[in-house]
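# What the coordinates show
In case you want the letters, here they are:
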Protein chains: 2
Amino acid sequence: MSPTVQRHPLAAQTAAHLLTRVRSGEWPLGHKLPGETALAAQLGVGRSTVREAIRELAGKGVLDSRQGAGVFVTALDVTEDWDCVLRRASIVSVLEARIAIEAEAAALAAQRRTPADLRALRRALAARLAGRPEGEAFVDADTRFHRTVLVAAHNDLLLEMFDSFVPRVHRAMTELLRVQPIRSPHEDHARHQQLADAIAAGDPVAAAERSRAHLTTVKETLS
Amino acid sequence: MSPTVQRHPLAAQTAAHLLTRVRSGEWPLGHKLPGETALAAQLGVGRSTVREAIRELAGKGVLDSRQGAGVFVTALDVTEDWDCVLRRASIVSVLEARIAIEAEAAALAAQRRTPADLRALRRALAARLAGRPEGEAFVDADTRFHRTVLVAAHNDLLLEMFDSFVPRVHRAMTELLRVQPIRSPHEDHARHQQLADAIAAGDPVAAAERSRAHLTTVKETLS
DNA sequence: CCTGCCGACTCCTCGGACAAGCTGAGGGGT
DNA sequence: ACCCCTCAGCTTGTCCGAGGAGTCGGCAGG
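None of the values given here were measured: they were computed from a predicted structure.

The rules behind these values
Residues numbered from 1 in each chain as written. Chains lettered and ligands numbered in written order. Predicted model: local features only at pLDDT ≥ 70, side-chain atom pairs only at ≥ 80, totals over all residues. Heavy atoms only, no water. Contact = heavy atoms within 4.5 Å. Buried area = accessible area lost by both parts, 1.4 Å probe. Salt bridge = Lys/Arg side-chain N within 4 Å of Asp/Glu carboxyl O. Helix = DSSP H or I, 4+ residues; strand = E, 2+ residues; numbered from the N terminus. Expected span 1.5 Å × (residues − 1). Buried < 20%, exposed > 50% of the residue type's maximum accessible area, 1.4 Å probe, protein only. Near = heavy atom within 4 Å. Polar contact = N/O pair within 3.5 Å; in protein donor to acceptor, adjacent residues only side chain to side chain. Nonpolar A, V, L, I, M, F, W, Y, C, P; charged D, E, K, R; others polar. UniProt positions renumbered as here; feature names shortened; annotations may be inferred. 1 Å grid on protein atoms, 1.4 Å probe; cavity = no way out; pocket = protein on both sides within 12 Å on 5 of 7 lines; lining within 4 Å. Points joined across faces, edges and corners; volume = space filled by probe spheres on them. Least-squares fit on C-alpha atoms with pLDDT ≥ 70 in both. Domains from an automatic or database assignment. Phe/Tyr/Trp six-rings, centres within 6.5 Å; stacked < 30°, edge-to-face > 60°. Lys NZ or Arg CZ within 6 Å of the ring centre and 35° of its normal.

## A short note on the interface of chain B and chain A
Contact residues are listed per partner, giving 33 residues for chain B and 34 residues for chain A. Summed over both sides, the interface of chain B with chain A buries roughly 2900 Å², with 59% coming from carbon and sulfur. When the buried area of chain B at its contact with chain A is split by residue, Arg-55, Trp-82 and Leu-157 of chain B rank highest and sum to 23% of it. Applying the counting rule to chain B against chain A returns 8 salt bridges.

Right under this line is the structure:
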């Protein structure tokens, strides 16, 4: 039955079992599940166990229990964890998605940046130049600069997407920098300076172009 | 103690309480929480209630309980539900994000499309032209065509992001189409045809440009 | 220093009990 | 015929006590 020792708690097994039956369509969206007592008898486990399984699925947003009424299906599937998807995705895929988001954000930033955004951009750029171009600290400074661009774009959704990429990209960049240091730190900084300039100048096309060019370089370094 | 009548179950309150304390840094990442018995006594609730609260947070991925060892913090915050973020985001924000993703995907599709991709693209285009340009059916056909482009880009992450946008965009498009029908169905179809042609011709710049132009038109219609 | 044993601590599961809340059927009034 | 109120029955919420199973750290022995 199980390839390895199956040390899963009963409650977790019960949760998995219920999720399977929900997915199978046995209980359609909005439908009421059998009572906890009935489920416990049906599955041959205690009511407390069933309750914990239901809680677990409630935490995932699949079920919703209302006192006196019953337990109801609120979603047919678990909205897969975004982090999980990212972990599975190849670093090249993530970088391509990042290019898409950052290039667009750079263009928007060129149109929408406020004076405060520009100040933050200059500060982040200076901080990025301050440290030596290696190690985790540099990656952090670099990330902060790129994030500042996203902030200047004034689009919450794009920013949220960028933030969700950060952990995955951070790991890969730190690794990359250790194996293969930046060839020309001066040129690298110049690219970022040009991006900031284009945003300051209010030139969406140039900003997108600079952003894309920089990230494409990084992507090609990886492949 | 409580400003309003506590109509939330004790277990839910306990879960919220624990989440707050995790967020506050009282229990750092990887740290062990006090025992269930201790927590129950500390919060003045039963042990079963604490267990259900822990299960709820475990379902959300914040806690992880290991028999014999204890309960540990696995994440400092709940990764906010992607659907939730999208629901809150303005439709303009979503459309801007969609432009970013689709334009990049169109460029990638132009470079990576297989013969099978091109066949699917032609089929989707024909299906889109078949029905009358109104109602939910048309929105579905349109969505399928755009999704086919994403598939041809051969980047799982971009596709996943597109799919997560679909429900939100679908609602908005259906609404928009009812209020304001497409002025020139012929021109609309021509734009899609040009996008498909650019991808077939293997011209990334043109494909991105066509995709961007089409979606920008939609965005401007909305604002 | 390494190994194996052992006990304390912790989570896991169960069964039972009572409280709190919702639902729908039925009675009474208009 | 229609509406409103009441109430019995079912369901979830909460708590308790008990025993089983697993993990970790200390301790004695090699």
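## So, helix α3 (residues 47-60) of chain A
With 14 residues, α3 of chain A should cover 20 Å at 1.5 Å per step; its first-to-last C-alpha distance of 20 Å lies within 8% of that length. Looking at α3 of chain A, one finds that the buried residues are Thr-49, Val-50, Glu-52, Ala-53, Ile-54, Arg-55, Glu-56, Leu-57 and Gly-59 of chain A. Packing partners of the buried residues in α3 of chain A comprise α1 (10-23), α2 (36-43), β1 (63-66) and β2 (70-73) of chain A together with α1 (10-23) and α3 (47-59) of chain B. Among the residues trailing α3 of chain A, Gly-61 of chain A stands out with phi positive, at a value near 90°.

## What to know about the side chain of Thr-49 of chain B
Residue and element names in this part refer to chain B. Checked against the element boundaries, Thr-49 lands in helix α3. Among the residues examined, Thr-49 registers a relative accessible area of 18% and is labelled buried. Not counting residues up to four positions away in its chain, the partners in contact with Thr-49 are Leu-10, Ala-11 and Thr-14.

## A short note on the protein's contact with DNA strand D
For DNA strand D, the set of nearby residues contains 20 residues, the closest of which are Glu-36 and Arg-51 of chain A together with Leu-10, Gly-46 and Thr-49 of chain B. A distance of 3.4 Å is found between a phosphate oxygen of DNA strand D and a backbone nitrogen or oxygen belonging to Ala-11 of chain B. Secondary-structure elements contributing two or more residues to the surface near DNA strand D are α3, β1 and β2 of chain A together with α1 and α3 of chain B. Looking at the surface near DNA strand D, the element that brings in the most residues is α3 of chain B, giving 3 residues. Residue classes in the surface near DNA strand D are distributed as 5 nonpolar, 10 polar and 5 charged.

## Looking at the UniProt feature "domain: HTH gntR-type" (unreviewed entry) in chain A
Using the residue numbers shown here, the UniProt feature "domain: HTH gntR-type" (unreviewed entry) corresponds to residues 8-76 of chain A. Secondary structure content for residues 8-76 of chain A is 52% helix and 12% strand, and the end C-alpha separation is 23 Å.

## What to know about the environment of Ala-201 of chain A
Residues and elements named next belong to chain A. Secondary-structure assignment places Ala-201 in helix α9 (residues 185-201). Ala-201 sits in the exposed class, given a relative accessible area of 61%. A C-alpha to C-alpha distance of 29 Å links Ala-201 and Val-94, two positions 107 residues apart in sequence.

## A word on empty space enclosed by the protein
All names here are of chain A. Counted under the stated rule, the structure contains 1 cavity of 30 Å³ or more. A volume near 90 Å³ is recorded for the largest cavity. Taken together, Arg-98, Val-139, Asp-142, Thr-143, Phe-162, Phe-165, Val-166, Val-169 and Met-173 make up the lining of the largest cavity. When residues in the lining of the largest cavity are grouped by element, the largest group, 5 residues, is from helix α8 (residues 156-179). Taken together, the residues that form the lining of the largest cavity break down as 6 nonpolar, 1 polar and 2 charged.

## Topic: the relation of the copies chain B and chain A
Rotating chain B by 180° about the axis while translating it 0.4 Å along that axis superimposes it on chain A, leaving an RMSD of 0.4 Å. Expressed as an axis order, the relation between the two copies is that of a two-fold axis. Most of the interface of chain B is mirrored in chain A, where 100% of its interface residues are also at the interface.

## Description of the domain arrangement of chain A
Taken domain by domain, chain A consists of domain 1 (10-73) and domain 2 (82-222). Summarising the inter-unit geometry, the C-alpha centres of domain 1 of chain A and domain 2 of chain A are found 44 Å apart.

## Quick look at the packing of aromatic side chains
Summed over all chains, the structure comprises 0 aromatic pairs over all chains. We note Arg-66 of chain A situated over the ring of Phe-72 of chain A; from NZ or CZ to the ring centre the distance is 4.3 Å.

## Details of the protein's contact with DNA strand C
Close to DNA strand C lie 22 residues; Leu-10, Gly-46, Thr-49 and Gln-67 of chain A together with Arg-47 of chain B are nearest. A share of 69% of the atoms of DNA strand C within 4 Å of the protein falls on sugar and phosphate groups. Within the side chain of Arg-47 of chain A, a nitrogen or oxygen atom sits 3.3 Å from a base nitrogen of DNA strand C. One of the side-chain nitrogen or oxygen atoms of Ser-65 of chain B is found 3.4 Å away from a phosphate oxygen of DNA strand C. For the surface near DNA strand C, the secondary structure elements donating two or more residues are α1 and α3 of chain A together with α3, β1 (63-66) and β2 (70-73) of chain B. The greatest single-element share of the surface near DNA strand C, amounting to 3 residues, is contributed by α3 of chain A. Of the residues in the surface near DNA strand C, the class split is 6 nonpolar, 11 polar and 5 charged.

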